[in-house]
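# Observations on chain architecture
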Amino acid sequence: SAVISQKPSRDICQRGTSLTIQCQVDSQVTMMFWYRQQPGQSLTLIATANQGSEATYESGFVIDKFPISRPNLTFSTLTVSNMSPEDSSIYLCSVDLAGSGTGELFFGEGSRLTVL
Amino acid sequence: GIQVEQSPPDLILQEGANSTLRCNFSDSVNNLQWFHQNPWGQLINLFYIPSGTKQNGRLSATTVATERYSLLYISSSQTTDSGVYFCAVELRDSWGKLQFGAGTQVVVTP
C-alpha cells in the first residue's frame, strides 16, 4: 500500500513564528486534505489541497493563517502562520489513494506542534 | 451540519473482555470509516464500511445506513487495543471530506 509521509513529526515553536509541514505520497493522488486535532479533541478539516488551483478552506480557517501549496500530485505543504499557543495541535494530511471518489481515506503519521 | 455521535465516550476494559462501540449519524452519508488512534497520535484505518458487516481478526463492524448507525465490536480485548476509536463519515456531495465523531477513549487493563 502507498506510504504517506509527513515532516516534521513534531516540533516546538515560538509564538509569532511560522512553520511549514510537508506531506509526501508515494503515488499520485487527486485530492489531498489537511486536518487539525487540538489536544483532547477530534479531527477537524482545515482545507482541501487542489493541484493546479487554490486550496478550498472550511469555515473558520483562512488562507492567511494556513496557506497551502500543492505543486504536484504527490506533494503538499501546510504552513501555520504567526503561531500562538492555541495552534498547538496535531496536523494530519489525508489522501484518497484510490483516487476514484467516495473511497477509503488514509492519513499520514501527523505533525505534532507545540507553540510556546 | 451533520452530527456524528459516538458512545460511550470512555471505556475501561479488562484484558479478554468484549465491547461494542456505537456511532450515530444524523443524515445520509456516502461512506463511514472507523479509525484507531494510537498513543503516538497515528490514525490506523480499521474499516471502510458504508453498509453491511466486515470482520478483521478480533474486530468487526456493522453499518446500518438506513438507520444511520454503525457498531464496532472488539472481542477478547488486549492492552494494545487501548487508544481512541473514531468513526468518521463522508458527507454526500463532499468527496473526501470526513466529519469525525468525538471518539471513544478505550483503556484495556492487564
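Residues numbered from 1 in each chain as written. Chains lettered and ligands numbered in written order. Predicted model: local features only at pLDDT ≥ 70, side-chain atom pairs only at ≥ 80, totals over all residues. Heavy atoms only, no water.

Further remarks concern the interface of chain B and chain A. Taken together, the contact pairs 21 residues of chain B with 25 residues of chain A. Together chain B and chain A conceal approximately 1,800 Å² of surface at their shared face, both sides included; 57% is due to carbon and sulfur atoms. There are 1 salt bridge connecting chain B and chain A. In this structure, Lys97(B) engages Glu58(A) in a salt bridge whose closest nitrogen and oxygen atoms are separated by 3.2 Å. Inspection of the region where chain B meets chain A yields 8 residue pairs in polar contact (both at pLDDT 80 or more). Mapped by element, the contributors of at least two residues to the side of chain B that touches chain A are strand 4 (29–37), strand 5 (43–48), strand 9 (83–91) and strand 10 (98–100) of chain B. Looking at the side of chain B that touches chain A element by element, the count peaks at 5 residues for strand 4 of chain B. (Contact = heavy atoms within 4.5 Å. Buried area = accessible area lost by both parts, 1.4 Å probe. Salt bridge = Lys/Arg side-chain N within 4 Å of Asp/Glu carboxyl O. Polar contact = N/O pair within 3.5 Å; in protein donor to acceptor, adjacent residues only side chain to side chain. Helix = DSSP H or I, 4+ residues; strand = E, 2+ residues; numbered from the N terminus.)

Next up on the list: the sheet that holds strand 3 (residues 19–25) of chain B. All names here are of chain B. Taken in spatial order, the 5 strands make up an open sheet running 1-3-8-7-6, and their pairing is antiparallel. Sheet topology places strand 1 (4–7) and strand 6 (52–56) at the edges, where each strand pairs with a single neighbour. Going across the sheet, the axis of each strand differs from the next one's by a mean of 15°, ignoring polarity. Here strand 7 (residues 59–64) pairs with strand 8 (residues 69–74) via 6 bridges, running antiparallel. Within strand 8, the residue paired with Thr-62 across the bridge is Leu-71. (Pairing = 2+ DSSP bridges. Axes fitted to C-alpha atoms, helices over the stretch in contact; angles between N-to-C directions.)

Glancing now at the state of the cysteines. All names here are of chain A. Enumeration over the complete set of coordinates arrives at 2 disulfides over all chains. Note on cysteine connectivity: Cys-23 is disulfide-linked to Cys-93, with sulfurs 2.0 Å apart. Measuring handedness by torsion sign, the sulfur bridge of Cys-23 and Cys-93 sits at about 65° and is right-handed. Highlighted residues: Cys-23 in strand 3 (residues 19–25) and Cys-93 in strand 9 (residues 89–96), separated in sequence by 70 residues. (Disulfide = S-S within 2.5 Å.)

Our next topic: the pairing of strand 4 of chain B. All names here are of chain B. Judged by how many residues are buried, strand 4 sits mostly within the fold: 8 of 9 residues are covered. Two strands pair when backbone bridges link them, and strand 4 and strand 9 are joined in this way by 8 bridges, in the antiparallel orientation. The residue bridging Phe-35 from the neighbouring strand is Phe-86, located in strand 9. Here strand 4 pairs with strand 5 via 5 bridges, running antiparallel. Note on strand 5: the bridge partner recorded for Gln-33 is Tyr-48. In this antiparallel pair of consecutive strands, strand 4 and strand 5, the connection spans 5 residues, and Gly-41 shows a positive phi of 95°. (Buried < 20%, exposed > 50% of the residue type's maximum accessible area, 1.4 Å probe, protein only.)

All names here are of chain A. In this fold, Asn-50 is placed in strand 5 (residues 43–50). Overall, the relative accessible area of 13% leaves Asn-50 in the buried class. Taking C-alpha positions, Asn-50 is 9.2 Å from Asn-72, a pair spaced 22 residues apart along the chain. Apart from residues lying up to four places away in sequence, Asn-50 is in contact with Met-31, Ala-55, Thr-56 and Arg-70. A polar contact is formed between the side chain of Asn-50 and the backbone oxygen of Glu-54, at a distance of 3.0 Å.

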